[in-house]
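# Report on the structure
The chain contents come next:
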Amino acid sequence: MGDMMPKDKEAKQPSKILMTADTVGGVWTYALELIKSLEPFGTQVALATMGAPLSQDQRKEIKDITNLTLYESNYKLEWMDNPWEDVVDAGEWLLQLNEEIQPDLVHLNGMAHGNLDWGRPVVVVVHSCVLSWWKAVKDEEAPAAWNKYREMVQEGLQAADMVVAPTQAMMRQAELYYGPFKRSTVIYNGREQQQFQFGKKEPFVFSMGRVWDEAKNISMLAHIASDLQWPVYIAGDDKHPATGEVIELENVHFLGKLTDKEASDWLARASVYVLPARYEPFGLSILEAAMSGCALVVGKTESLAEVWGNAAKFVSPDDADELRDTVSTLIEDEFTRNIMACRAVKRSHGYTSNHMAEDYNYVYRQLLRFPMAAVVS
């Protein structure tokens with residue numbers, strides 16, 4: 001972790017936290033992992049959801065989490081089209097919850113509400129942001145249409161008692177676009193190792209995500225698949241969001257949306273996992289693949305290099321030939337493939353949900369112990 005206060009054994013343990021999460025992306029997975037892992041610390045979490053109603057699968061996921069109480073809404077998120085009326089209404093709803101629940105502190109996984117009058121310590125997590133996404137994916141600064149977003153996010157982050165990012169790279173981007181912050185630290189995301197396992201590895205390449213997502217850049221894998229000796233399986237939507245057209249590509253097998261159990265089974269059998277991302281502030285699916293013993297081929301980005309070091313093969317998100325050659329080498333060279341798989345597994349041990357929860361619990365305790373210490377260092 002980064003710039004933190006000194007350890008203090010007398011720091012108070014939070015018994016109740018108000019946490020926000022959206023239901024439409026990786027933040028949902030992150031939030032559930034963190035909440036489950038906070039249970040041994042005796043921390044109850046009131047989870048306020050926004051973005052979309054929970055799916056049946058999501059309701060099943062939370063059913064057995066004993067320290068979670070759900071508060072559900074359908075308010076738009078700050079990065080959606082024309083969200084600002086909803087953002088204001090969501091803020092009023094959250095303040096009502098804050099009054100009703102009386103949490104020890106507030107943990108926001110969206111950024112626009114950081115400057116509300118909470119009356120207690122506030123942690124805001126920068127999982128990603130539109131401005132850094134735009135720069136990475138479009139190779140230009142976000143247009144003026146996003147100025148209101150920039151202003152609201154900046155106000156929220158600068159008001160927070162602690163800003164957290166999942167990598168140093170993401171923190172640098174957040175500081176560039178929205179800083180300076182009162183205090184900040186990096187806490188890496190985590191997954192529970194027990195959810196993923198080695199199986200007997202089979203000769204295929206695997207990826208997860210919407211093939212149309214410019215940031216994940218899976219379309220580059222789909223288009224070089226016909227040059228690979230092994231079949232390529234992609235979990236995720238193969239329909240274009242605008243036209244509804246289903247794409248068919250040689251040597252590519254689209255699996256549609258998988259349950260967590262189905263995804264885990266595919267990862268256990270996959271030999272190579274590929275995500276040539278242009279923008280991926282942490283990358284939970286890559287971590288899941290690493291925990292499952294896949295050799296990793298990922299986009300050459302600052303954040304992924306930080307997370308994976310020598311435990312992945314890196315390719316330029318703009319170079320299809322490099323991607324084809326890198327994946328082909330792993331297919332043809334079992335020795336190298338096994339070495340990369342072992343490195344990935346070993347590296348993944350540093351990104352468990354227990355590690356993540358310990359780091360967040362430490363931040364929470366310090367903010368409760370030193371509520372006035374959150375000043376510019």
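First things first, this report covers the structure right here in the doc. (Residues numbered from 1 in each chain as written. Predicted model: local features only at pLDDT ≥ 70, side-chain atom pairs only at ≥ 80, totals over all residues. Heavy atoms only, no water.)

## A closer look at helix α5 (residues 147–159)
Helical geometry: 3.6 residues make up each α-helical turn, so side chains three or four residues apart lie on a common side. Going by this rule: Numbering of helices and strands runs from the N terminus; a helix is a DSSP stretch of H or I covering at least four residues, while a strand is a stretch of E covering at least two. Here the expected span of a helix is defined as 1.5 Å times the quantity of residues minus one. With a 1.4 Å probe rolled over the protein chains alone, any residue whose accessible area is under 20% of its type maximum counts as buried; one over 50% counts as exposed, and the rest are partly exposed. Relevant arc is that of directions from the helix axis to the C-beta atoms, nothing else. Contacts are assigned to residue pairs with any non-hydrogen atoms lying within 4.5 Å of each other.
Between its first and last C-alpha, α5 extends 18 Å over 13 residues, near the 18 Å set by a 1.5 Å rise per residue. Within α5 the residues assigned to the buried category are Tyr 149, Met 152, Val 153, Gly 156 and Leu 157. Down the axis of α5, the sector holding all buried residues measures 125 degrees, keeping them to one side. Where α5 is buried, its residues contact α3 (84–101), β5 (122–125), α4 (130–138), β6 (162–165) and α6 (168–178).

## Focus: the sheet that holds β6
Worth spelling out the cut-off: Pairing between strands is defined by DSSP: at least two bridges between them are needed. An axis is simply a line fitted to the C-alpha atoms; with a helix, the fit covers only the stretch in contact. Between two such axes, the angle follows the N-to-C directions and lies from 0 to 180 degrees.
Strand order in the open sheet formed by seven strands is β3-β2-β1-β4-β5-β6-β7, with parallel pairing between adjacent strands. Edge positions in the open sheet fall to β3 (68–72) and β7 (184–186), since each of these has one partner strand only. Averaged over all neighbouring strand pairs, the angle between strand axes comes to 20 degrees, with direction disregarded. Pairing of strand β1 (residues 16–22) with strand β4 (residues 105–108), which is carried by three bridges, proceeds in the parallel orientation. Bridging across to β4, Leu 18 finds its partner in Val 106.

## Observations concerning the nonpolar core
Soluble globular proteins tend to pack their nonpolar side chains together in the buried interior. Quick reminder of the rule: In this text, buried Ala, Val, Leu, Ile, Met, Phe, Trp, Tyr and Cys residues form a nonpolar core when linked through side-chain atoms within 4.5 Å.
Counting 86 residues, the largest nonpolar core has Phe 206, Tyr 273, Leu 296 and Trp 308 as its most contacted members. With eight residues, helix α1 (residues 26–38) is the single largest residue contributor to this core. Not counting the four nearest positions on each side in its chain, Leu 296 is found in contact with Tyr 273, Ile 286, Ala 289, Ala 290, Trp 308, Ala 311, Ala 312, Lys 313 and Ala 344. Formed by 40 residues, the second largest nonpolar core is a distinct cluster that contains Leu 97, Leu 108, Val 122 and Met 170.

## As for the sheet that holds strand β8 (residues 202–208)
Strand order in this open sheet of six strands is β10-β9-β8-β11-β12-β13, and the pairing throughout is parallel. Looking at which strands have only one partner, the edges of the open sheet turn out to be β10 (252–256) and β13 (313–315). Geometrically, the sheet is characterised by an average inter-axis angle of 25 degrees between neighbouring strands, direction not taken into account. The pairing of strand β9 (residues 232–235) with β10 spans four bridges and is parallel. Within β10, the residue paired with Ile 234 across the bridge is Phe 254. Packed on one face of the sheet, helix α11 (residues 320–332) meets β8, β11 (270–275), β12 (295–299) and β13 and runs near 160 degrees to β13.

## Remarks on the packing of aromatic side chains
For the record, the criterion: Note on ring pairs: Phe, Tyr and Trp rings are taken, using the six-membered ring of Trp, and paired if centres are within 6.5 Å. Classes follow the plane angle, with under 30 degrees stacked, over 60 edge-to-face and the rest tilted. Definition used: whenever NZ (Lys) or CZ (Arg) falls within 6 Å of the ring centre and also within 35 degrees of the ring normal, the charge is taken to sit over that ring.
The full count for this structure, using the stated rule, is 15 aromatic pairs. On the basis of an interplanar angle of 50 degrees and a centroid distance of 6.1 Å, the ring pair of Tyr 177 and Tyr 178 is categorised as tilted. Residue classification places Tyr 178 among the buried positions, given a relative accessible area of 0%. Seen from their ring centres, Phe 204 and Trp 266 are 5.5 Å apart, and the 75 degrees between their planes marks the pair as edge-to-face. With a gap of 62 residues between them, Phe 204 in strand β8 and Trp 266 in helix α8 (residues 260–269) connect regions that are remote in the sequence. By relative accessible area, which is 17% here, Trp 266 ends up buried. Pairwise contacts between aromatic rings join Phe 204, Phe 206, Tyr 233, Trp 266 and Tyr 273 into one cluster. Above the ring of Trp 134, the side-chain terminus of Lys 138 is found at 5.6 Å from the ring centroid. The positively charged end of Lys 148 is found above the aromatic ring belonging to Trp 84, 6.0 Å away from the centroid.

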